[in-house]
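These are the residues of each chain, in order.
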Amino acid sequence: MILMQLSQITKSFDGEEIFEGVNFEVKTGERIGIVGRNGAGKSTLMKIIAGVESYDSGHISKIKGLKLGYLTQQMTLNAENTVFEEMAKPFEKVKAIGKRMQEETDWLAAHAEAYETTEYQTHIAKYEQLSNEFEQLGGYHYDSKIKTVLNGLDFSEADYDRPINDFSGGQKTRLSLAQMLLSEPDLLLLDEPTNHLDMATTEWLEDYLKYFKGAIVIISHDRFFLDKIVTQIYDVSLGEVKHYVGNYTKFIQLRDQYFQKRLAEYERQQSEIKRLETFVEKNITRASTSGMAKSRRKMLEKMARIEKPMLDARSANIQFDFDRNTGNDVMHIQDLEIGYSAPITVPIHFEINKGDHIGIIGPNGIGKSTLIKTLAKRVPPLSGQIIEGANLKIGYYDQKQAEFRSNKTILDFVWDQYRHMLEKDVRAVLGRFLFTQDEVLKVINDLSGGEKARLQLALLMLERNNVLILDEPTNHLDIDSKEMLEQALKNFEGTLIFVSHDRYFINELANRIFDLNKTGGHLYLGDYQYYLEKLEQQNALAAYEEQREDNNANDESASSQNTYQDQKALRREKRKIERQIEAEEQKIMELEARIEEIDVAMTDDATMNDYEKTQALADERTSIEQSLEQVMTNWEELQLALSEFKDEMN
């Protein structure tokens, strides 16, 4: 069933058109994402859907009695009430029915001697009617529902009786989200719902929304979240809103195909225009061909011109280069205690090697930012050692740098720090970060957070560092800018250490994961998917151990059945690990074969007399050996995990 339909909606601000002719449709149970650059009009479209923003022309229709919930970044709760009082508001009808049930119960208790009277039977029927309605509305478990949502969004029972005013802005946004989820609207509109959520809470929200009965429309810069939730995308770009079917990854594929198609159409039309214009120019003055020329000129005048499609952000030429790379050993972290006055965790140990792209993850407040600030020498260690390798040139960026202020223009701000550069070269660098033409003359104080973040990243690129340490580099960036940064960092041949809550970003870049926790953390020698698989294995083992302990308390038959189910689950995990081992062994064979090929090639007389070719082969061999070492390490870890599973099963 169609819940809401927007037809030919047009919207402008101060004479500037935001979008025109927008068609948008939401049906029961649909999961829709709205994406686009900052300032493209995503939030404006969402506000029009929510009914809080007017539009210039078009038509909106919706079903009668549509229950709509709209979560914005502004807090909508009563700040004087306690958390539980605010969370109970969606259940006012249930509570009122419960109160009436209690009144009927009290009356029946007071008139028990008159149970045979018509009036008594009327009250019994009334109580049964109220009881059925109460049960249908979930009245017997709404308290537990409130607690489930609050706990999922990282609020403890100690928070339930605290007034809303006691909480930070981010916590208030989470409480608004909790109330919105509990109200269960027919259409849920979420504007950046994962802001202020850590990774574990975001994953909980993903799981919760999977079972949400109503339709959902989401604006989010979290591409991993969009991939998990949505099945349709509306892309707000260049004054139009285009509809794609699929999750975010599918949208990227379809968008690029559409861009190529539009570009081909534009180029064909330009070729046709040039042909017609040439014909008109050559033949308009000749008496014999003037009529044909005029006819073609009319064709040109009536032709609906195709605008040249804009290239997306990934076409920007960004590259983090350096003059000289590090040695193989970048940092040895030994017994490192971090913090400002007292240690946050137990001593930390891990190693960083050349070419590592390490994503540092962990719960909010565990000390991720403090750790990388310590590695970047912005904060002194409390104890322990960071032993640095040779030729390190470290560049550091954190999200706070996007909050700086200056009365200078973008061009002057950069040029003042690199006086030796020509103006055209400074403009070229800024153009790579999407500051083009007159945009470089904008005053920094007038820039958005995303624009300031791009400017700081441009300065970081100019430093030519071989080690980059980044703290939440995608904060303030829209999706296009994130993709632009990802592409540049993928191609970075130095060492990268970064903290991010953006799982898509982590998944694209990290070849190592350091999971920081109160016991000092653990370095996983693989990408984010490898980390998730290892986590799943650990959880499966932990669940098995817990179940085995529970089974010991049960009778023999129940224990036997449970053990069978556990063994079945473990066999599935065992097969999964065995397949991973086979894949790693295949990689080992391929890498070793390539090393043999290189060794043979390097003994060839022609190669031995060609220094550049010899050096290239030697560099490739070194790189392959490093890859082989990583694959061997992964293989050993998988073998160890397989051995543990076999022990558990015996």
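All of the points below concern the structure found in this document. (Residues numbered from 1 in each chain as written. Predicted model: local features only at pLDDT ≥ 70, side-chain atom pairs only at ≥ 80, totals over all residues. Heavy atoms only, no water.)

Re the overall build of the protein chain
For step 1, the next point in the chain: Broken down by element type, the protein chain carries 20 helices and 18 strands.
For step 2, the next point in the chain: The contacts in the protein chain between residues at least 6 apart in sequence include a share of 70% that link residues at least 24 apart.
For step 3, the next point in the chain: Total accessible area on the protein chain is roughly 33,800 Å²; 47% of this is exposed by carbon and sulfur atoms.
For step 4, the next point in the chain: Taken together, the 79 basic and 110 acidic charged side chains of the protein chain have centroids lying 9 Å from each other. (Helix = DSSP H or I, 4+ residues; strand = E, 2+ residues; numbered from the N terminus. Contact = heavy atoms within 4.5 Å. Areas by Shrake-Rupley, 256 points an atom, 1.4 Å probe, with all protein chains shown as cover. Lys, Arg positive; Asp, Glu negative; His and termini not counted. Charge placed at Lys NZ, Arg CZ, Asp CG, Glu CD.)

Some points on the sheet that holds strand β13 (residues 383-388)
For step 1, the next point in the chain: Here we have 3 strands laid out as an open sheet, ordered β11-β10-β13, and antiparallel in their pairing. Whereas interior strands pair on both sides, the edge strands pair on one side only; in this sheet they are β11 (348-353) and β13. Each neighbouring strand pair of the sheet contributes to a mean axis angle of 5 degrees, computed without reference to strand direction.
For step 2, the next point in the chain: The sheet contact formed by strand β10 (residues 329-337) and β13 spans 5 bridges and is antiparallel. Paired with Ile333 across the two strands is Ile386, which belongs to β13. (Pairing = 2+ DSSP bridges. Axes fitted to C-alpha atoms, helices over the stretch in contact; angles between N-to-C directions.)

What about the pattern of salt bridges?
For step 1, the next point in the chain: A full pass over the atoms with the stated rule returns 32 salt bridges.
For step 2, the next point in the chain: Among the ionic pairs, Asp222 bridges to Arg503, the shortest N-O distance being 3.7 Å. In this pair, Asp222 is assigned in the loop between β7 (215-219) and α8 (223-229) and Arg503 in helix α16 (residues 503-509), connecting sequence segments 281 residues apart.
For step 3, the next point in the chain: Classification of Asp222 as buried rests on a relative accessible area of 10%.
For step 4, the next point in the chain: The residue Glu508 makes a salt bridge to Lys490 at a minimum N-O spacing of 2.6 Å. Remark: Lys490 occurs in helix α15 (residues 479-490) and Glu508 occurs in helix α16; sequence separation between them is 18 residues.
For step 5, the next point in the chain: Overall, the relative accessible area of 30% leaves Glu508 in the partly exposed class.
For step 6, the next point in the chain: A relative accessible area of 39% means that Lys490 is categorised as partly exposed.
For step 7, the next point in the chain: Put simply, Glu206, Asp222, Lys228 and Arg503 are held in one network by salt bridges that share partners. (Salt bridge = Lys/Arg side-chain N within 4 Å of Asp/Glu carboxyl O. Buried < 20%, exposed > 50% of the residue type's maximum accessible area, 1.4 Å probe, protein only.)

Description of the sheet that holds strand β4 (residues 57-62)
For step 1, the next point in the chain: A sheet is described by the order of its strands in space; here 3 strands give the open sequence β2-β1-β4, paired in antiparallel fashion. Because the sheet does not close on itself, it has two edges, and the strands there are β2 (16-27) and β4. Looking at each pair of strands side by side, their axes are set apart by 15 degrees on average, direction ignored.
For step 2, the next point in the chain: Bridging between strand β1 (residues 2-13) and β4 involves 5 bridges; their strand directions are antiparallel. Note on β4: the bridge partner recorded for Thr10 is Ser57.
For step 3, the next point in the chain: Across the face of the sheet, helix α1 (residues 42-50) comes into contact with β1, β2 and β4 while running at roughly 130 degrees to β1.

Treat this as a map of the structure, not an account of what it does.
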